[in-house]
Amino acid sequence: MSEPGNRRDWALALGATLTADLLIFPTVYGMLGAPILSRCVSLLIAYAFSQTLRLGMGRGIAPRAIFQVPGLWPLLAVTVLINFGLFAILNTRAPEIRPILHLLLAWTGSMLFLAFGLSRIKRLR
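Residues numbered from 1 in each chain as written. Predicted model: local features only at pLDDT ≥ 70, side-chain atom pairs only at ≥ 80, totals over all residues. Heavy atoms only, no water.

Caption draft 1: A look at the packing of aromatic side chains. This structure, assessed with the given rule, holds two aromatic pairs. With a centroid separation of 5.8 Å and 15° between ring planes, the pair formed by Phe25 and Tyr29 is classed as stacked. One end of the pair is Phe25 and the other is Tyr29, both in helix α1 (residues 4-32) and four residues apart, which spans about a single turn. Among the residues examined, Tyr29 registers a relative accessible area of 28% and is labelled partly exposed. Arranged with centres 5.6 Å apart and planes meeting at 85°, the rings of Phe25 and Phe87 form a pair that is edge-to-face. In this pair, Phe25 sits in helix α1 while Phe87 sits in helix α4 (residues 72-93), placing the two residues 62 residues apart along the sequence. A single burial state applies to Phe25 and to Phe87, both of which are buried. Ring pairing ties together the aromatic residues Phe25, Tyr29 and Phe87, which thus form one cluster. Directly above the ring of Phe84 sits Arg39, whose terminal nitrogen or CZ lies 5.2 Å from the centroid. (Phe/Tyr/Trp six-rings, centres within 6.5 Å; stacked < 30°, edge-to-face > 60°. Helix = DSSP H or I, 4+ residues; strand = E, 2+ residues; numbered from the N terminus. Buried < 20%, exposed > 50% of the residue type's maximum accessible area, 1.4 Å probe, protein only. Lys NZ or Arg CZ within 6 Å of the ring centre and 35° of its normal.)

See the structure below:
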């Protein structure tokens, strides 16, 4: 995870997933109308897009660092759960606010959690 190429790969995958999710979600929400289902579908499409982009660049399908660094796979799983949880909580508690704002706040919270978790993993290594 500390190699510059690996960092660039992670940044590209995360940036592509985030951007695609933010662009795809309003369209999917407009078609489905259900915010939680739309969130799930848009995240899956965004993840597939980022993996297709990585595959097209010759980087492979799954980054090896997920399985090589202890604690990274659970950290990513909890980050996704936090993202969905924050979105669901914000959507049920403040339905008058647009769902895209819920999505932005959920991504912000989950990225802060991910940054904190990565710093802890790096410090413990």
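Moving on from the coordinates now.
Caption draft 2: Quick look at the environment of Leu53. When you line up the elements, Leu53 lands in helix α2 (residues 35-56). As a C-alpha pair, Leu53 and Thr17 span 36 residues in sequence and 10.0 Å in three-dimensional space. Among residues more than four places away in sequence, those in contact with Leu53 are Leu12 and Ala16. (Contact = heavy atoms within 4.5 Å.)

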